[in-house]
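Observations on the model geometry
The primary structure of each chain is shown beneath.
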Amino acid sequence: MRPKVSSTLSLNNKIISMVSSAKYLGINFNKRLTKATHIKSKKISLKLKLHNLRHLLRSNISLNNKIPLYEQLIRLAMTYSIQIWGSTKVSNLNLLQSF
């Protein structure tokens, strides 16, 4: 018979509550440590950034000025924590590619 495992965790006599997901260094983790939560929130974030940039991207400024905007705001946000995407499901990667 297995001994009962306590579901409460404490540190310095303070109880740490259980949560279904947490964000650490900009990466969302869920209780199963899948990347789905992170990728869904990343897609929403990227859509908002792109929406905010549309006015500038459609303006008459030169392409040489538009490319750095894209690279600094969209591409950097997209590639942050890209290392964890290698082990994610293809369906999660498809979410980002369809952004």
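Residues numbered from 1 in each chain as written. Predicted model: local features only at pLDDT ≥ 70, side-chain atom pairs only at ≥ 80, totals over all residues. Heavy atoms only, no water.

**A look at the overall build of the chain**
Operational definition: Strands are runs of DSSP state E lasting at least 2 residues, helices are runs of H or I lasting at least 4, and numbering of each runs from the N terminus. Just to be clear, the radius of gyration here is over C-alpha atoms, and the globule rule we use is 2.2 Å times residues to the power 0.38. Classification of residues uses two cut-offs on accessible area relative to the type maximum, computed with a 1.4 Å probe and protein chains only: under 20% is buried, over 50% is exposed, and between them is partly exposed. Note on areas: Shrake-Rupley, 1.4 Å probe, and residue coverage restricted to the protein chains presented here.
On a plain count of helices and strands, the chain comes out with three helices and four strands. Mapped in sequence order, the helices and strands of the chain form the string β-β-β-β-α-α-α. In terms of C-alpha radius of gyration, the chain reaches 19 Å, well past the compact-globule figure of 13 Å for 99 residues. Going through the 99 residues of the chain one by one, you find that 21% of them count as buried. For the chain, the exposed area adds up to about 8300 Å²; of that, 58% sits on carbon and sulfur atoms.

**Quick look at the confidence of the model for the chain**
The condition that has to hold: The quantity called pLDDT is the predictor's confidence in a given residue, expressed from 0 to 100.
Taken residue by residue, the chain gives an average pLDDT of 82. The fraction at 70 or more is 92%. Averaged over each element, pLDDT in the chain is lowest for helix α3 (residues 90-97) (79) and highest for strand β2 (residues 14-16) (88).

**Brief notes about the pattern of salt bridges**
Inclusion rule: We define a salt bridge as a side-chain nitrogen of Lys or Arg found within 4 Å of a carboxyl oxygen belonging to Asp or Glu.
Inspection of every chain in the model, using the stated rule, returns one salt bridge. Between arginine 75 and glutamate 71 there is a salt bridge, and its shortest N-O distance comes to 3.3 Å. Of this pair, arginine 75 and glutamate 71 both sit in helix α2 (residues 63-79), four residues apart, which is roughly one turn of that helix. Here glutamate 71 falls in the partly exposed class, since its relative accessible area comes to 34%.

**Comments concerning the nonpolar core**
Condition: By nonpolar core is meant a set of buried Ala, Val, Leu, Ile, Met, Phe, Trp, Tyr and Cys residues that side-chain atoms within 4.5 Å join together.
Within the largest apolar cluster, nine residues are counted, these being Ile39, Leu46, Leu50, Leu53, Ile74, Ala77, Met78, Trp85 and Leu96. Here the element with the most residues in this core is helix α1 (residues 36-57); it accounts for four residues.

**Thoughts on a positive patch on the surface**
Condition: Put simply, a patch holds well-exposed residues, over 30% relative accessible area, that have no salt bridge, with like charges counted together within 9 Å and Val, Leu, Ile, Met, Phe, Trp or Tyr side chains within 5 Å. For this count, His and the chain ends are skipped, Lys and Arg are scored as positive, and Asp and Glu as negative. Working definition for charges: the position is that of NZ of Lys, CZ of Arg, CG of Asp or CD of Glu.
Taken together, the side chains of Lys31, Arg32, Lys40 and Lys89 define a basic patch exposed on the protein surface. Looking at where arginine 32 falls in the secondary structure, it is placed in the loop between β4 (27-30) and α1. Overall, the relative accessible area of 68% leaves arginine 32 in the exposed class.

**Examining the pairing of strand β3 (residues 21-24)**
Using the following cut-off: In short, DSSP must find at least two bridges between two strands for them to pair.
Note: β3 against β4, four bridges, orientation antiparallel. Residue pairing in the sheet places tyrosine 24 in a bridge with isoleucine 27 of β4. Between β3 and β4, which follow one another and run antiparallel, lie two residues, and leucine 25 among them has a positive phi close to 55 degrees.

**Regarding a nonpolar patch on the surface**
A surface patch of nonpolar side chains, amounting to about 580 Å² of accessible area, comprises Tyr24, Leu25, Phe29, Leu33 and Tyr80. Tracing the backbone through its elements, the reader meets leucine 33 in the loop between β4 and α1. Classification of leucine 33 as exposed rests on a relative accessible area of 57%.

**Concerning the packing of α1 against α3**
We count it as follows: For helices, the fitted line uses only the C-alpha atoms of the stretch in contact; every axis is such a line through C-alpha atoms, and the angle between N-to-C directions lies from 0 to 180 degrees. If an angle is under 35 degrees, it is roughly parallel; if it is over 145, roughly antiparallel; if it lies from 65 to 115, roughly perpendicular; otherwise it is oblique. We call two residues in contact when some of their heavy atoms are within 4.5 Å. Only Asp, Glu, Lys and Arg are considered charged, only Ala, Val, Leu, Ile, Met, Phe, Trp, Tyr, Cys and Pro nonpolar, and every remaining residue, Gly among them, polar.
The contact between α1 and α3 brings their axes to 9 Å, and the two run at 5 degrees. Classed by the angle they form, the pair α1 and α3 counts as roughly parallel. Only Asn92, Leu95 and Leu96 of α3 make contact with α1, whose side of the interface consists of Ala36, Ile39, Lys40, Lys42, Lys43 and Leu46. Looking at the contact of α1 with α3 residue by residue, the class counts come to five nonpolar, one polar and three charged.

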